[in-house]
Amino acid sequence: MSRSPSLPERPRLELDPDMTPDERLEALREHFTEIVEVNEQLTEQLDAARDRQSDLTDEVDQLERENETLKTSSLYIATAEELTDDGVVVKQHGNNQEVLTEVSPSIRDDLEAGDRVAINDSFGVKQILDPETDARAQAMQVDGSPDVSYDDIGGLEEQILEVREAVEEPLINADQFREIGIEPPSGVLLHGPPGTGKTMLAKAVANETDATFIKMAGSELVRKFIGEGARLVRDLFELATEREPAIIFIDEIDAIAAKRTESKTSGDAEVQRTMMQLLSEMDGFDERGEIRIIAATNRFDMLDRAILRPGRFDRLIEVPNPDIEGRERILEIHTEDMNLADDVDLGAFATETDGLSGAELASLATEAGMFAIRDGRTTVEQADFHDALEKIEGDDDASSVPVAFA
Ligand code: ATP
């Protein structure tokens, strides 16, 4: 620490009684000059002292803030798994430790199972975290029990069989695979046009196997989470391990696993890193336990072959647009709760919908209902289906974008 400068000596006025008036005047003048000089020195010192005081005040403020931060202990992140009469069961992220803990009534009212929470050293829930602040939560859609069953899917009997064999069996009968001594495929790839039921298939397997459904869209990883792709892929697998049994569904995988191009832009490098992370997660997959991966793409032709190597997505399942029986079944499924007039013949109508996807058929059923409502009726007639078809085909021509209902 710098020492304070010493103060200038105080000027003294010494007047001899024998001095003449002129001498006195001269002595007084000299004294005055000395006093002005000392005053200037003191003013300078005072300014310097004030500057120093202000620096020290800033330093004290900063130290106080640091002290505060050190005194408030960090909180751990956990997931509230179950709310019981005795408290809440939380699972800490990282070590997966599960504890039954207390929650203050003010937090308890807003807390729901599945919420991300901050807990202190004694596992007390201190706050509910906003899922929006978590890139992980934004990038991934987690569904503990999706409500899609195989019966809700029309016309994909073969595909359902294949998916059950490749994904459901290894989850349910892991021992059988072990006994026979074969490795179940770690992932299946569903490919086909948009809106044909690929997501539904993945959700249905998760539902039937009581697995958590975790969805991540490849296109979002590339568009929204720039620079975070590889980390989010790692997080995706980590989250699946926390929530096993789990089905990881990677939609639009072509966005991260497209064939390598010659261009060397930074965007490409980022996509490459994301894909390398995905491949390495899949390669280290065996130790992960009850997790299966289903990926989907509308652009099979674009995929990098590295992703299709044995041990990765070695089961390729094509999910095409539905044939006539499939279309009839999809129409039946989506009109199940509708009040249909006796004249409605879905079988006959299915012949007229060649080339439509499941999503388009679903939206066609809704449109038919809208026509009936517009007409002030409570039953839907065959003519409404024709009007709906005309509208959908018209929309299609106008925008060339398929009508899809998620
Ligand atoms: P995308 O490739 O665009 O992601 P997708 O193949 O994953 O599409 P889904 O999201 O599964 O398609 O389907 C969208 C909606 O279309 C479903 O919610 C459902 O209403 C309807 N649908 C699609 N296919 C079928 C089907 N085979 N049976 C019944 N409904 C279907």
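Residues numbered from 1 in each chain as written. Predicted model: local features only at pLDDT ≥ 70, side-chain atom pairs only at ≥ 80, totals over all residues.

For the protein, the helix and strand inventory stands at 13 helices and 11 strands. Rg of the C-alpha trace for the protein: 37 Å, well past the compact-globule value of 22 Å for 406 residues, more than 25% over. Seen along its three principal axes, the alpha-carbon backbone of the protein occupies a region of about 140 × 60 × 60 Å. The burial tally for the protein puts 32% of its 406 residues in the buried class. Pairs at least 24 residues apart make up 72% of the contacts formed inside the protein by residues separated by at least 6 positions. (Helix = DSSP H or I, 4+ residues; strand = E, 2+ residues; numbered from the N terminus. Rg over C-alpha atoms; globule rule 2.2 N^0.38 Å. Buried ≥ 20, exposed ≤ 12 C-beta atoms within 10 Å, placed from the backbone. Contact = placed C-beta atoms within 7 Å.)

With that out of the way, let us pick up the sheet that holds strand β7 (residues 187-191). The mixed open sheet is built from six strands, whose spatial order is β6-β8-β9-β10-β7-β11. Since the sheet does not close on itself, it has two edges, and those belong to β6 (140-143) and β11 (313-318), each with one partner. Averaged over all pairs of adjacent strands, the angle between strand axes in this sheet comes to 20°, irrespective of strand direction. Pairing of strand β8 (residues 212-217) with strand β9 (residues 246-251), which is carried by six bridges, proceeds in the parallel orientation. (Pairing = 2+ DSSP bridges. Axes fitted to C-alpha atoms, helices over the stretch in contact; angles between N-to-C directions.)

Within the fold, Ala365 resides in helix α12 (residues 358-374). Sequence spacing of Ala365 and Asp384 is 19 residues, and the spatial spacing of their C-alpha atoms is 9.1 Å. Once residues lying within four places of it in the same chain are set aside, the contact partners of Ala365 are Leu331, His334, Thr335 and Met338.

In this section: the domain arrangement of the protein. Split by domain assignment, the protein resolves into domain 1 (15-72), domain 2 (76-128), domain 3 (137-318) and domain 4 (324-405). Between the C-alpha centres of domain 1 and domain 2 there is a distance of 60 Å. (Domains from an automatic or database assignment.)

Quick look at the site of the ligand now. Near the ligand lie 21 residues; those nearest to it are Pro194, Gly197, Thr199, Gly358 and Ala359. Contributing elements (two or more residues each) for the shell around the ligand: α6 (198-208), α10 (324-335) and α12. Taken together, the residues of the shell around the ligand sort by class into 11 nonpolar, eight polar and two charged. Two domains share the shell around the ligand, each providing at least three of its residues, namely domain 3 (137-318) and domain 4 (324-405). (Near = placed C-beta within 6 Å. Nonpolar A, V, L, I, M, F, W, Y, C, P; charged D, E, K, R; others polar.)

Moving on to α12. Given 3.6 residues to a turn, an α-helix orients residues that are three or four positions apart in the same direction. Between its first and last C-alpha atoms α12 spans 24 Å; for 17 residues at 1.5 Å apiece the expected length is 24 Å, and the two agree. The set of residues buried in α12 consists of Gly358, Ala359, Glu360, Leu361, Ala362, Ser363, Leu364, Ala365, Glu367, Ala368, Gly369 and Ala372. Backbone geometry just downstream of α12 places Gly376 in the positive-phi region, at approximately 75°. (Expected span 1.5 Å × (residues − 1).)

Of all the bends in helix α4 (residues 157-172), the largest measures some 40° and sits at Arg164. If you check which residues of α4 are buried, you get Gln159, Ile160, Val163, Ala166, Val167, Glu168, Pro170 and Leu171. Structurally, α4 contributes buried residues whose contacts are with α5 (174-180), β7, α6, β10 (291-297) and β11. (Bend = angle between axes of the 7 residues up to and from the residue.)

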